[in-house]
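So the chains spell out like this:
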Amino acid sequence: MIDCIIVGGGPAGLSAAVNLRQRGREAVVLSAGPSILEKAELVDNCIGLPGLNGTELMKQLEEHARAKGAEILHKKAANILPFGESFMVNADGDILEAKSIILAGGAARGAAIPGEEEYLGRGVSYCATCDGMLYRNSRCVVWGLSETAAEEAGYLADIGVKVTYVAARRPEGLKGSIRFVAGRLTAVEGEDTVRRVQLKDESIECDGVFILRSAIAPARLLEGLEVRDNAIVVDRAMATNIPGVFAAGDCTGTPLQVSKAIGEGQIAGLSAADWCARSGE
Ligand SMILES: Cc1cc2nc3c(=O)[nH]c(=O)nc-3n(C[C@H](O)[C@H](O)[C@H](O)COP(=O)(O)OP(=O)(O)OC[C@H]3O[C@@H](n4cnc5c(N)ncnc54)[C@H](O)[C@@H]3O)c2cc1C
């Protein structure tokens, strides 16, 4: 069993990984895509690291975490289930078990659309590799909102799902066999299970819909997690309301800044290491 799984490979998650390693604990970082920091042209308020752009700063943070022995997996956590004293994490279909969790997935983006939560698990999925097999020979819509969505749609097409891909524009690398529709989903509808999705000017009949955002809202990732105003509620040890689960960075609220993310990551790493020590070997 892994000591700690960190959901998110931005400044907060990597900082947490460094402190866990400093305490001799295993740290596995799940990273679904690039940190939002990579969009920054210049980050000039990070003490000791002046004049870097976001990509350069992220490279240094990643190199530091790897040098300390953190394992960084390019996978998305689709859901987390408490399991007795431990947690089971579904990472793109692989099930990983950990003693503790640190949530560091960045600020919540993209509110749920009508019907999304109602049909979650009954036709709505956030992970093609986890649930794709359930939809072989069926019609599915993929709403591509992340960098890896076209690849995930390709995987679905390869296993025999009839895919319609909806996005603002056709992504590079989308398989020729996949039907592309320009637009955005406005609602998911159905009866017992999903039957169709609505766009602004049309409706698409389907048996399932994969909503592929780069981040999954924390409360959808882990049931029962306390969230207020889109931010995970934490105490000064970065502990959430769920024992063994900690959070750090933009996902805990404002200010949305690198140094705050790094500082909170350090504290969450320490708290998770203490949790592992208290819960015994
Ligand atoms: C254009 C721009 C400029 C900025 N400039 C500055 C600046 O100059 N100074 C400053 O202090 N701050 C700046 N920021 C803010 C800064 O980027 C953020 O505060 C910081 O990146 C937050 O770090 P984080 O680790 O909490 O989240 P993020 O950096 O958002 O990282 C979260 C990571 O988690 C991953 N993730 C999410 N969900 C999952 C999941 N389910 N499974 C696996 N991985 C997941 C995401 O793919 C992402 O890689 C800027 C932001 C932007 C957009």
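Residues numbered from 1 in each chain as written. Predicted model: local features only at pLDDT ≥ 70, side-chain atom pairs only at ≥ 80, totals over all residues. Heavy atoms only, no water.

**Overview of the overall build of the chain**
Helix and strand counts for the chain come out as six helices and 17 strands. For 281 residues, the compact-globule estimate of 2.2 N^0.38 gives 19 Å, and the C-alpha radius of gyration of the chain, at 19 Å, lies within 12% of that figure. Across the chain, contacts joining residues at least 24 apart in sequence account for 55% of those joining residues at least 6 apart. As presented, the chain carries roughly 13,500 Å² of accessible surface, and 49% of it is formed by carbon and sulfur atoms. Across the chain, the mean location of the 29 positive side-chain charges is 2 Å away from that of the 37 negative side-chain charges. (Helix = DSSP H or I, 4+ residues; strand = E, 2+ residues; numbered from the N terminus. Rg over C-alpha atoms; globule rule 2.2 N^0.38 Å. Contact = heavy atoms within 4.5 Å. Areas by Shrake-Rupley, 256 points an atom, 1.4 Å probe, with all protein chains shown as cover. Lys, Arg positive; Asp, Glu negative; His and termini not counted. Charge placed at Lys NZ, Arg CZ, Asp CG, Glu CD.)

**With respect to the packing of helix α1 (residues 11-22) against helix α2 (residues 54-67)**
One way to put it is that α1 packs onto α2 with a least axis distance of 9 Å and a crossing angle of 25°. Taken together, the axes of α1 and α2 lie roughly parallel to each other. The interaxial crossing formed by α1 with α2 has left-handed handedness. The segment α1 lies against α2, with P11, L14 and V18 engaging M58, L61, E62, H64 and A65. Considered class by class, the residues forming the contact of α1 with α2 number six nonpolar, one polar and one charged. (Axes fitted to C-alpha atoms, helices over the stretch in contact; angles between N-to-C directions. Parallel < 35°, antiparallel > 145°, perpendicular 65-115°, else oblique. Left-handed = near helix turned anticlockwise from the far one by under 90°. Nonpolar A, V, L, I, M, F, W, Y, C, P; charged D, E, K, R; others polar.)

**A word on the pattern of salt bridges**
Taken as a whole and judged by the stated rule, the model has 17 salt bridges. Taking the shortest distance from any N to any O, the salt bridge between K75 and D94 comes out at 3.1 Å. Separated by 19 residues along the polypeptide, K75 in the loop between β3 (71-73) and β4 (77-83) and D94 in strand β6 (residues 94-103) bring together distant segments of the chain. Since its relative accessible area comes to 24%, K75 is described here as partly exposed. Residue classification places D94 among the partly exposed residues on the basis of a relative accessible area of 36%. Here R228 and E226 are joined by a salt bridge, their closest N and O atoms 3.2 Å apart. For R228, a relative accessible area of 51% gives the class exposed. (Salt bridge = Lys/Arg side-chain N within 4 Å of Asp/Glu carboxyl O. Buried < 20%, exposed > 50% of the residue type's maximum accessible area, 1.4 Å probe, protein only.)

**Remarks on the packing of α1 against helix α6 (residues 258-278)**
It is at 7 Å that the axes of α1 and α6 come closest, and there the two elements cross at 35°. Crossing of α1 against α6: the hand is right-handed. For the pair α1 and α6, contact is made by P11, A12, S15, A16, V18, N19 and L20 and by V258, A261, I262, G265, Q266, G269, L270, A272 and A273, respectively. Residues that form the contact of α1 with α6 fall into these classes: 11 nonpolar, five polar and no charged.

**Remarks on α6**
Taking 1.5 Å of rise per residue, the 21 residues of α6 would be expected to cover 30 Å, and the 30 Å separating its terminal C-alpha atoms lies within 8% of that figure. Residues of α6 that are buried in the fold lie against β1 (2-7), α1, α2, β6 and β17 (245-247). (Expected span 1.5 Å × (residues − 1).)

**Examining the domain arrangement of the chain**
You can read the domains of the chain as domain 1 (2-109 + 216-278) and domain 2 (124-213). Computed over C-alpha atoms, the centres of domain 1 and domain 2 are 29 Å apart. At the interface, 10 residues of domain 1 touch nine residues of domain 2. Across the domain 1/domain 2 interface, buried area totals approximately 750 Å², and carbon plus sulfur atoms make up 51% of it. It is K76, D92 and R220 that lose the most area in domain 1 upon contact with domain 2, and together they represent 51% of the buried surface on that side. Our count for the contact surface shared by domain 1 and domain 2 stands at zero salt bridges. Our enumeration of links across domain 1 and domain 2 arrives at three residue pairs in polar contact (both at pLDDT 80 or more). For the side of domain 1 that touches domain 2, a count of residues per class yields four nonpolar, two polar and four charged. (Domains from an automatic or database assignment. Buried area = accessible area lost by both parts, 1.4 Å probe. Polar contact = N/O pair within 3.5 Å; in protein donor to acceptor, adjacent residues only side chain to side chain.)

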